[in-house]
Amino acid sequence: MTTQDFSALSHRACKILTLVAGVFLLASWTFSAWHAVHDRDERLRHHIKDIANLADVLREQTREKLRVYDQGLYGISRSIDTNQLSNPDPAVRAEIHRILQARAAATPGALQFFVVDEKGIVRHSSFALDPEPIDLSWRPELPPIMEGPEGTTILIPTLTG
């Protein structure tokens with residue numbers, strides 16, 4: 001074999017090796033792209049499942065929290081004579097305060113329970129025996145209740161201020 005034959009063979013081998021390396025590189029990139037898409041889809045399915053699980057947990061926690069508040073409000077409605085809510089007698093006011101205080105303490109997550117009159121003014125509270133007569137009639141939840149039947153119970157979001 002001459003040097004020229006060896007050079008042609010070496011040149012041909014380089015071409016074949018380059019072609020094989022190119023095919024291998026293309027296959028590797030294709031596999032990497034497929035794997036990335038597949039992995040992305042798998043992660044997406046996993047995250048969607050996690051979100052669905054979190055939504056289920058949140059729904060159950062909300063249901064339980066509302067059940068606890070409902071029990072607290074039901075206990076208050078069974079314990080307080082609504083005819084006595086406007087009674088100015090200090091002993092009656094102290095008893096209503098005691099009931100509200102006990103129910104707030106027994107209701108996990110409840111900051112306070114309070115009673116408003118037909119005008120939306122706070123008259124009784126679990127925080128204070130003689131609460132400041134705060135006007136809550138501006139709250140969007142109250143006007144429909146104030147116009148409705150007496151003794152209606154509502155839950156409103158935490159008040160600040």
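How each quantity is defined
- Residues numbered from 1 in each chain as written.
- Predicted model: local features only at pLDDT ≥ 70, side-chain atom pairs only at ≥ 80, totals over all residues.
- Heavy atoms only, no water.
- Helix = DSSP H or I, 4+ residues; strand = E, 2+ residues; numbered from the N terminus.
- Polar contact = N/O pair within 3.5 Å; in protein donor to acceptor, adjacent residues only side chain to side chain.
- Salt bridge = Lys/Arg side-chain N within 4 Å of Asp/Glu carboxyl O.
- Core = buried A, V, L, I, M, F, W, Y, C linked by side-chain atoms within 4.5 Å.
- Buried < 20%, exposed > 50% of the residue type's maximum accessible area, 1.4 Å probe, protein only.
- Patch = residues over 30% accessible without salt bridge, like charges linked within 9 Å, V, L, I, M, F, W, Y side chains within 5 Å.
- Areas by Shrake-Rupley, 256 points an atom, 1.4 Å probe, with all protein chains shown as cover.
- Contact = heavy atoms within 4.5 Å.
- Pairing = 2+ DSSP bridges.

(A) A look at the side chain of His124. Its place among the elements puts His124 in strand β2 (residues 122-125). Polar side-chain contacts of His124 include one of 2.7 Å to the backbone oxygen of Leu85.

(B) Main features of the pattern of salt bridges. Evaluated as defined, the whole model comprises 8 salt bridges. In this structure, the salt-bridge partner of Glu42 is Arg45, at a minimum N-O distance of 2.9 Å. Remark: Arg45 and Glu42 occur in helix α1 (residues 3-79); sequence separation between them is 3 residues, near one turn of the helix. Here Asp56 and Arg59 are joined by a salt bridge, their closest N and O atoms 2.4 Å apart. Residue Asp56 and its partner Arg59 are located together in helix α1, separated by 3 residues, close to a single helical turn.

(C) Broad picture of the nonpolar core. Of all hydrophobic cores here, the largest spans 12 residues; its members are Tyr69, Leu73, Ile76, Ile80, Val92, Ile96, Ile99, Leu100, Ala104, Ala110, Phe113 and Val115. Listing elements by their share of this core, those giving two or more residues are α1 and α2 (90-106). No other element matches α2, which puts 5 residues into this core.

(D) Expanded view of a nonpolar patch on the surface. A grouping of Leu25, Leu26 and Trp29 is seen on the molecular surface, where their side chains present a nonpolar patch of about 350 Å² in accessible area. With respect to the helices, strands and loops of the structure, Leu25 is situated in helix α1.

(E) Inspection of the side chain of Ser125 at higher detail. Structurally, Ser125 is set in strand β2. Looking at Ser125, the relative accessible area reads 4%, which means it is buried. Here the side chain of Ser125 touches Gln112 through a polar contact of 2.7 Å, side chain to side chain. Within the structure, Ser125 has its side chain in polar contact with the backbone nitrogen of Phe127 (distance 2.9 Å). Discounting residues that sit within four places of it in the chain, Ser125 has contacts with His97, Leu100, Gln112, Phe113, Phe114 and Pro131.

(F) Geometry of the pairing of β2. Where strand β1 (residues 114-116) lies against β2, 3 bridges are found, and the strand directions are antiparallel. Paired with Phe114 across the strands is Ser125, a residue of β2. Remark: 5 residues form the turn of the hairpin made by β1 and β2, two consecutive strands paired antiparallel; Gly120 in that turn has positive phi of roughly 90 degrees.

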